[in-house]
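# Coordinate analysis (summary)
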Amino acid sequence: MHADEIRALVQGHQVHRDVYTSHAVYQAEMRHLFANAWIFVGHDSQTPNKGDYITTQIGDQPVIQVRHSDGNIHILHNRCPHKGTKIAIDRAGNTGKFFRCPYHAWSFKTNGCRLAIPLKKGYDGTGLENTPNYEGMAAVGAVEVYHGFVFARLAYNGISFEEFFGDSLSSIDNMVARAPEGRLKIAGPPLRYMHKCNWKMLVENQTDTCHPMVAHESSAGTAIDIFREMGEPEPRPAAMQIIAPFMSAYEFFESMGIRTWPNGHGHTGVNMSIHSDYDAIPGYYEALKQTHGERKAKAILDESRHNSVYFPNMMVKAPLQQLRNFIPLGPDKTLVESYVYRLAGAPDQLVAMSSMYNRMINAPTSIVGHDDLEMYERAQEGLQSNGLEWVNLQRLYETGEDFDVEAVENGTTERQMRNQFDAWVKFMTADMEEAA
Ligand SMILES: [Fe+2]
């Protein structure tokens, strides 16, 4: 696709349905957007020891996150330079001192460099040593580990990590500052949930505050009804603390606020959020106060950001130490991975609460996530309709919006969705040609 064809799909207040349904657009996203942007890969606590690795995808590119013998994390293309065989197939494991291709036993150090090729004399005089295949497993363009969160850019040249994320990193900062010992540790494998819809629908939903009281009435509304019938026993069970705020009124979500940052990042919950009213966990504030002192500990906990979108396809929920990664598998297929992190030095009850939230909201067996799934899948099917070509993003829209600046607005605005599409055009077309 050409750059002008991409630009024609986004009109500020509306986007063409092809952004969700077209195979050509999807292919262009994989080749351009997911190559030019910084993409979340994993957390360094998933690969704590030398030789530890995880396998995942950046867009449609299979990659390996591995801890090399020098202690550094490397992101390698998961492809043998010989015949293309995926080197690592497990989701996670330890490869020891080297990777060995299961097909012809070409082997590579854990930074990707070639180690050995069996019966090597067969290549004498063939010129193999002058090919990139001889070098070993290719590394991605750039890697950055930020407070343990590993991000990569496939492209060798492009925007820097700091410029791409800017002040949006404050949500990760807050999540990490919540740990009395100042670091996070993965609490286990993610919950995985397959969705038959375009990946962007899921990302947009992270800052969609006009759907919870509607789409989740069947789950959260029913839970509230049952709780009332029970006479609202005290103390409120954790499950009720989690689910009841989903039924908050529009006014609550309006006053919650949405902040947008340049390059497609933004978050709900500027002033407060559906996570503000959880019961305190005994011993936690005391532990945080010991580290930071009273004033700073309070300020850290007062920050109650709901969902922080890291464009293009990841979300962090700082008050609950959660991260959701939306991995595109096709124009109409997305794998959601929902992680929980443990705060080093915090009571176990915290991770129990976060894990409960993850199960209740994000698991395939969740009582909430399937409400959203139903809406996305219906939208994916409904967009086949020729009744209208355009999808509306006009709530609290102002012509001439400037996405190069930080802005805080009414929490029901769709500005963050428009911000994402503004960045989408920018990074899609960064290395695209204009039509002749
Ligand atoms: Fe939802």
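Of regular secondary structure, the chain possesses 16 helices and 21 strands. In terms of principal-axis extent, the alpha carbons of the chain reach across some 80 × 55 × 35 Å. Looking at the chain residue by residue over its 436 residues, the buried ones come to 54%. In the chain, once contacts between residues fewer than 6 apart in sequence are set aside, the share between residues at least 24 apart is 67%. When the accessible surface of the chain is summed, it comes to about 19300 Å², and 50% of that surface belongs to carbon and sulfur atoms. Between the mean site of the 40 positive side-chain charges and the mean site of the 53 negative ones, the chain shows a separation of 10 Å.

This part covers the coordination of the iron ion. Those donors, His211 (NE2), His216 (NE2), Asp372 (OD) and Asp372 (OD), are the protein atoms that reach the iron ion, and they lie 2.0 to 2.7 Å from it. One way to put it: the 4 donor atoms around the iron ion meet at angles of 52 to 145°, and that makes the site irregular. All donors to the iron ion come from one chain, and their sequence spacing reads H-x4-H-x155-D. With His216 in the loop between α8 (212–215) and α9 (217–229) and Asp372 in helix α15 (residues 369–382), this residue pair connects regions lying 156 residues apart in the sequence. The same class applies to His216 and to Asp372, which are both buried.

Another point: the domain arrangement of the chain. With domains assigned, the chain is organised as domain 1 (40–146) and domain 2 (188–429). Relative placement of domain 1 and domain 2: their C-alpha centres are 35 Å apart. Between domain 1 and domain 2, the residue contacts involve 7 residues of the former and 11 residues of the latter. Between domain 1 and domain 2, roughly 750 Å² of surface is buried when both sides are summed, and carbon and sulfur atoms account for 56% of that area. It is Phe40, Gln57 and Arg91 in domain 1 that bury the most area against domain 2; as a group they hold 63% of the surface buried on that side. On the surface where domain 1 and domain 2 come into contact, there are 1 salt bridge. The shortest N-O distance in the salt bridge between Arg91 and Glu337 comes to 3.7 Å. In this assembly, domain 1 and domain 2 are joined by 0 residue pairs in polar contact (both at pLDDT 80 or more). Within the residue set of the side of domain 1 that touches domain 2, elements represented by two or more residues are β2 (39–43) and β3 (52–58).

Note on placement: Arg305 falls in the loop between α13 (294–302) and β16 (308–310). Polar side-chain contacts of Arg305 include one of 3.2 Å to the side chain of Glu303.

Okay, the nonpolar core next. Ranked by size, the top nonpolar core spans 100 residues in total, and within it Ile58, Ile75, Phe149, Phe151, Ile172, Tyr341 and Trp424 carry the most contacts. Counting the residues that make up this core, at least three belong to each of domain 1 (40–146) and domain 2 (188–429). The residues touching Tyr341, leaving out its near neighbours within four places in the chain, are Phe40, His43, Phe149, Met175, Leu184, Lys185, Ile186, Ala187, Gln321, Leu323 and Val351.

The next subject is helix α3 (residues 23–36). An α-helix turns once per 3.6 residues; consequently, residues spaced three or four apart project the same way. With 14 residues, α3 should reach 20 Å at 1.5 Å per residue; the first-to-last C-alpha distance of 19 Å fits that figure. Of all bends in α3, the biggest is about 40°, found at Glu29. Of all the 14 residues making up α3, 10 are buried; the element is thus mostly covered by neighbouring parts of the structure. Near the N-terminus of α3, the side chain that reaches the backbone nitrogen of Ala24, with its oxygen 3.1 Å away, is that of Ser22.

What follows deals with the packing of aromatic side chains. Applying the stated criterion across every chain yields a total of 20 aromatic pairs. Relative to Phe427, the ring of Phe311 lies with its centre 6.4 Å away and its plane at 40°, an arrangement referred to as tilted. In this pair, Phe311 sits in the loop between β16 and β17 (314–317) while Phe427 sits in helix α16 (residues 415–429), placing the two residues 116 residues apart along the sequence.

Structurally, Ile300 is set in helix α13. A C-alpha to C-alpha distance of 23 Å links Ile300 and Asp44, two positions 256 residues apart in sequence. Ile300 has contacts with Asn174, Ala177, Arg178, Leu288 and His292, leaving out every residue within four places of it along the chain.

Now for the packing of helix α12 (residues 284–292) against α13. Think of two packed helices as two axes; the pair is described by the angle between the axes and how far apart they sit. Put simply, α12 and α13 touch, their axes get as near as 7 Å, and they point 125° apart. What the angle tells us is that α12 and α13 run oblique. As for how α12 packs across α13, the hand of that crossing is right-handed. Two secondary-structure elements touch here, α12 through Tyr284, Tyr285, Leu288, Lys289 and His292 and α13 through Glu294, Lys296, Ala297, Lys298, Ile300 and Leu301. Considered class by class, the residues forming the contact of α12 with α13 number 6 nonpolar, 1 polar and 4 charged.

Across the sheet, 3 strands lie side by side as β2-β11-β10; this open sheet has antiparallel pairing. Two strands in the sheet have a free side with no partner beyond their single neighbour: β2 and β10 (142–146). The mean inter-strand angle of the sheet, taken between neighbouring strand axes irrespective of direction, is 25°. By the bridge criterion, 4 bridges tie β2 to strand β11 (residues 149–153) in an arrangement that is antiparallel. Residue pairing for β11: Phe40 is matched across the bridge by Phe151. Along the sheet, helix α6 (residues 170–177) makes contact with β10 and β11, crossing β11 at roughly 160°.

Parameters and conventions
- All residue numbers refer to position in the chain's written sequence, counted from 1.
- In view of the model being predicted, local features appear only for residues whose pLDDT reaches at least 70, and side-chain atom pairs are presented and counted only at 80 or more, with totals across whole chains, interfaces and linings using the full set of residues.
- Values reported for side chains reflect all heavy atoms of the structure, with hydrogen atoms and water molecules removed beforehand.
- Working definition: helices are DSSP H or I runs of at least four residues, strands are E runs of at least two. Numbering for both runs from the N terminus.
- Only protein chains enter the accessibility calculation, which uses a 1.4 Å probe. A residue is then buried if its area is under 20% of the maximum for its type, exposed if over 50%, and partly exposed in between.
- Residues are treated as being in contact if the distance between any of their heavy atoms lies within 4.5 Å.
- All accessibility values rest on the Shrake-Rupley procedure with a 1.4 Å probe; residue burial counts only the protein chains present in the view.
- A residue counts as positive if it is Lys or Arg and as negative if it is Asp or Glu; His and the chain ends are not included.
- A charged residue contributes its charge at one atom only: NZ of Lys, CZ of Arg, CG of Asp or CD of Glu.
- The donor set covers N, O and S atoms within 2.8 Å of the metal, switching to 3.2 Å for Na, K and Ca, and it leaves out water, so a site may look short of donors.
- A four-donor site is called tetrahedral if each angle lies between 85 and 135 degrees; a four-donor site is square planar, and a six-donor site octahedral, when trans pairs exceed 155 degrees and the remaining angles lie between 65 and 115; all other cases are labelled irregular.
- Either an automatic procedure or a domain database provided the assignment from which the domain bounds are taken.
- Throughout, the accessible surface (probe 1.4 Å) given up by two parts as they are put together, summed over both, is called the buried area.
- Any carboxyl oxygen of Asp or Glu that lies within 4 Å of a side-chain nitrogen of Lys or Arg is treated as forming a salt bridge with it.
- The definition of a polar contact used here is a pair of N or O atoms within 3.5 Å, where within protein one atom must be able to donate a hydrogen and the other to accept one, and adjacent residues in sequence count solely through side-chain atom pairs.
- Residues grouped as a nonpolar core are buried Ala, Val, Leu, Ile, Met, Phe, Trp, Tyr and Cys residues, joined through side-chain atoms within 4.5 Å.
- A helix is expected to span 1.5 Å for every residue after the first.
- The bend reported for a residue corresponds to the angle between axes fitted to the seven residues ending at that residue and the seven starting there.
- Any pair of Phe, Tyr and Trp rings, taking the six-membered ring for Trp, is counted once the centres come within 6.5 Å. Such a pair is stacked with planes under 30 degrees apart, edge-to-face with planes over 60 apart, and tilted for the rest.
- Here the axes come from fitting lines to C-alpha atoms, over the contacting stretch only for helices, and the angles between their N-to-C directions go from 0 to 180 degrees.
- To sort the angles, those under 35 degrees are grouped as roughly parallel, those over 145 as roughly antiparallel, those from 65 to 115 as roughly perpendicular, and the leftovers as oblique.
- Handedness of a crossing follows from how the near helix is turned relative to the far one, being left-handed for an anticlockwise turn of less than a right angle and right-handed for a clockwise one.
- Ten residues, namely Ala, Val, Leu, Ile, Met, Phe, Trp, Tyr, Cys and Pro, are considered nonpolar, four, namely Asp, Glu, Lys and Arg, are considered charged, and the remaining ones, Gly among them, are considered polar.
- Two strands are counted as paired when DSSP detects at least two bridges linking them.

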